[in-house]
Protein chains: 2
Amino acid sequence: MLIVAALGGNALLRRGEKLAAQIQQHHVVDAVAQLAKLCTGNELIVTHGNGPQVGLLALESANDPELERPYPFDVLGAQTQGMIGYWLLQALTNAVPSRESVALVTQTLVDVNDPAFTHPTKFVGHGYGEVEAQALAASNGWSVARDGALWRRVVASPEPREIIEGPVIERLARRGTIVVGVGGGGVPVAREDGVLRGIDAVIDKDLATALLAISVGADLMVLVTDVAGVIDGFATPDARVLSTVTVAQLRSRTFAPGSMGPKVESACRFVEATGRRAVIGALDDVLGLVEGTSGTSVVAH
Amino acid sequence: MLIVAALGGNALLRRGEKLAAQIQQHHVVDAVAQLAKLCTGNELIVTHGNGPQVGLLALESANDPELERPYPFDVLGAQTQGMIGYWLLQALTNAVPSRESVALVTQTLVDVNDPAFTHPTKFVGHGYGEVEAQALAASNGWSVARDGALWRRVVASPEPREIIEGPVIERLARRGTIVVGVGGGGVPVAREDGVLRGIDAVIDKDLATALLAISVGADLMVLVTDVAGVIDGFATPDARVLSTVTVAQLRSRTFAPGSMGPKVESACRFVEATGRRAVIGALDDVLGLVEGTSGTSVVAH
């Protein structure tokens, strides 16, 4: 079957770790050792987040004395697709030598009239104390918002409307190639009079993954995160991981934006559009996620 | 026929221009307007340089206070593949909407025992006055060398041995997809006990392009630069562009490393290996390059 698997940011970087290249590449190798188990008998498409990475490159670009203005987020996002795509490509080539692997630069269509452009919500880069965050916001023209105990930069995150490279991703995957794509949700682009142009924004990688999974006709969508699944009764004594839940049950709950919320929304969209199963869970039992014995399976009924 | 075309750095940036994203993207659109003419009746693979771009990202990474050490050149090169690949992909998608375009992260195999590792020669980044260059070398652990009137950082540039993603590039191109790949000569990797790992180096994009063109069985290799072709009698009153020249004639001349030298060497390698024609010339008459009416055509006999 055709599986679309999204790697969360924690597959590249644990909270509190420095964004050293070696650390991230090490995590990628570990993550791919798990993902490789999915390849037996299946076609695989791998997507990935880029929040911390694009934040670092944005900061470096903003601090570059040569540049009058920092590179926009479409360009920075493309840089992270190259970098993370390379790490994943190399690790997949090593871990699954019998199969061909590719990493594709991917553009994702957005609507320039999306309300997200007037209400930025997507966290990028590091957390700061409030005073430092406000100072950075003032000097760089950022928007910032509270993320847990810290403050982080927020960027407009419009709805993904179309994965421009979806057809070639599907064709490659269905002939057995392991495809890395839609990194960081894809490079945001708008289409005007038939012409694509980049947009200074970021796209939620889980929402873009759901759009990809729907458009390629995936049999299963796997959203990998650093928790065991969707928690019912979070922060109560009765907290437990939901094993199977319907879209209607999930839709009746609310989840914080920026963490589990987009995963739940993405899983619901995939299941609603296809009638097939989506699963949210941890990478350390990836076969259990596929078999439905670990993680939270989201189903139609 | 299958054409492999390499875009020189000047297709992205003119000498003296700042590395602003907008400027580069503008040049890419202009370059692609020319390349698009090659698509009618032909299959096309586009490679590109990344010298100034990887130099900028290396400097930003070296100046990043969060990082204990800058990212190595394999990772930085992959970032530029994403960025420049995105610009080319978007421009090709717009200029040739009837054809599918893709940009692939590409790894290029090198030998860890290559003598280049003890003798760095490849220029990256900007030119500086000698005093500033020596100061930067001392503070960053760079090697620097004179490039014309200025000094620039130099990095090890080992011989490309194999384009890891060559087979998928060829397969996509032969079915009509326009493929962007081998950016910056490819991400340098070594293979030990069958396992690929990144190497902190850069690869000459013309030499890597020749290797790709040979391995995919290209019918023609086009090396695009900012001069009209190979100049005979350079800096003499009799200076003229060679229209057709044999490998033996070219091999009997010497060319400066870092400018025309690698293009001449790459053209010779392609022609020697295939018996087919390579052409070196300017982008503004790209159909003339293909037809042999402009640029310098390198032939076997």
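Criteria and thresholds
- Residues numbered from 1 in each chain as written.
- Chains lettered and ligands numbered in written order.
- Predicted model: local features only at pLDDT ≥ 70, side-chain atom pairs only at ≥ 80, totals over all residues.
- Heavy atoms only, no water.
- Pairing = 2+ DSSP bridges.
- Helix = DSSP H or I, 4+ residues; strand = E, 2+ residues; numbered from the N terminus.
- Axes fitted to C-alpha atoms, helices over the stretch in contact; angles between N-to-C directions.
- Core = buried A, V, L, I, M, F, W, Y, C linked by side-chain atoms within 4.5 Å.
- Buried < 20%, exposed > 50% of the residue type's maximum accessible area, 1.4 Å probe, protein only.
- Contact = heavy atoms within 4.5 Å.
- Least-squares fit on C-alpha atoms with pLDDT ≥ 70 in both.
- Parallel < 35°, antiparallel > 145°, perpendicular 65-115°, else oblique.
- Left-handed = near helix turned anticlockwise from the far one by under 90°.
- Buried area = accessible area lost by both parts, 1.4 Å probe.
- Domains from an automatic or database assignment.
- Salt bridge = Lys/Arg side-chain N within 4 Å of Asp/Glu carboxyl O.
- Nonpolar A, V, L, I, M, F, W, Y, C, P; charged D, E, K, R; others polar.

## Here's the deal with the sheet that holds strand 6 (residues 143-147) of chain B
All names here are of chain B. Sheet architecture is open: three strands sit in the order 5-7-6, paired in antiparallel fashion. Edge positions in the open sheet fall to strand 5 (122-128) and strand 6, since each of these has one partner strand only. With direction set aside, neighbouring strand axes in the sheet form an average angle of 40°. The pairing of strand 5 with strand 7 (residues 150-155) spans five bridges and is antiparallel. Counted as the bridge partner of Tyr128 is Trp151 from strand 7.

## Some thoughts on the nonpolar core
Of all hydrophobic cores here, the largest spans 83 residues; its most connected members are Ile45 and Leu104 of chain A together with Ile45 and Leu104 of chain B. In this view, Ile45 of chain B contacts Leu2, Ile3, Val4, Ala5, Ile169, Ala173, Val179, Leu212 and Val216 of chain B; residues no more than four positions away in its chain are not counted.

## So, the relation of the copies chain B and chain A
Its rotation angle being 180°, the transformation that places chain B on chain A also includes 0.0 Å of axial translation and leaves an RMSD of 0.0 Å. Both copies are brought into coincidence by an operation consistent with a two-fold rotation axis. Of the residues that chain B buries at the interface, 98% are likewise interface residues in chain A, meaning the two copies contact each other through the same surface.

## Brief notes about the packing of helix 5 (residues 166-174) of chain A against helix 5 (residues 166-174) of chain B
Helix-helix packing is described using two parameters, namely the angle between the two axes and the distance between the axes. Close contact between helix 5 of chain A and helix 5 of chain B brings their axes to 13 Å; oriented N to C, the two are set at 120°. It follows that helix 5 of chain A is oblique to helix 5 of chain B by the angle criterion. Remark: the crossing between helix 5 of chain A and helix 5 of chain B carries right-handed chirality. From helix 5 of chain A, Val168, Arg171 and Leu172 of chain A reach across to helix 5 of chain B, where they touch Val168, Arg171 and Leu172 of chain B.

## Comments concerning the interface of chain B and chain A
Interface size is commonly expressed as the accessible surface area that is lost when the partners come together. In this assembly, 50 residues from chain B lie in contact with 49 residues from chain A. Interface area, chain B with chain A, both sides summed: about 4,000 Å², of which 57% is carbon and sulfur. Together, Glu66, Tyr86 and Val105 of chain B form the three largest contributors to the area buried by chain B at its contact with chain A, with a combined 16%. Among the elements of the structure, helix 1 (21-35), helix 2 (51-62), helix 3 (73-95), strand 3 (101-103), helix 5, strand 10 (187-192) and strand 11 (195-198) of chain B are those that each provide at least two residues to the side of chain B that touches chain A. In terms of residue count, helix 3 of chain B provides more of the side of chain B that touches chain A than any other element does, 13 residues in total.

## Looking at the domain arrangement of chain A
Residue and element names in this part refer to chain A. Each domain of chain A was delimited in the assignment, giving domain 1 (2-108 + 160-299) and domain 2 (120-155). Using C-alpha coordinates to define each centre, domain 1 is positioned 23 Å away from domain 2. In this assembly, 13 residues from domain 1 lie in contact with nine residues from domain 2. Carbon and sulfur atoms supply 68% of the area buried between domain 1 and domain 2, which totals about 900 Å² over both sides. Looking only at domain 1, the three residues that lose the most surface to domain 2 are Leu59, Phe73 and Val202, adding up to 41% of its buried area. For the pair domain 1 and domain 2, the number of links is one salt bridge. When residues of the side of domain 1 that touches domain 2 are assigned to their parent elements, the largest contribution, seven residues, is made by helix 2 (residues 51-62). In the side of domain 1 that touches domain 2, the residues fall into nine nonpolar, two polar and two charged.

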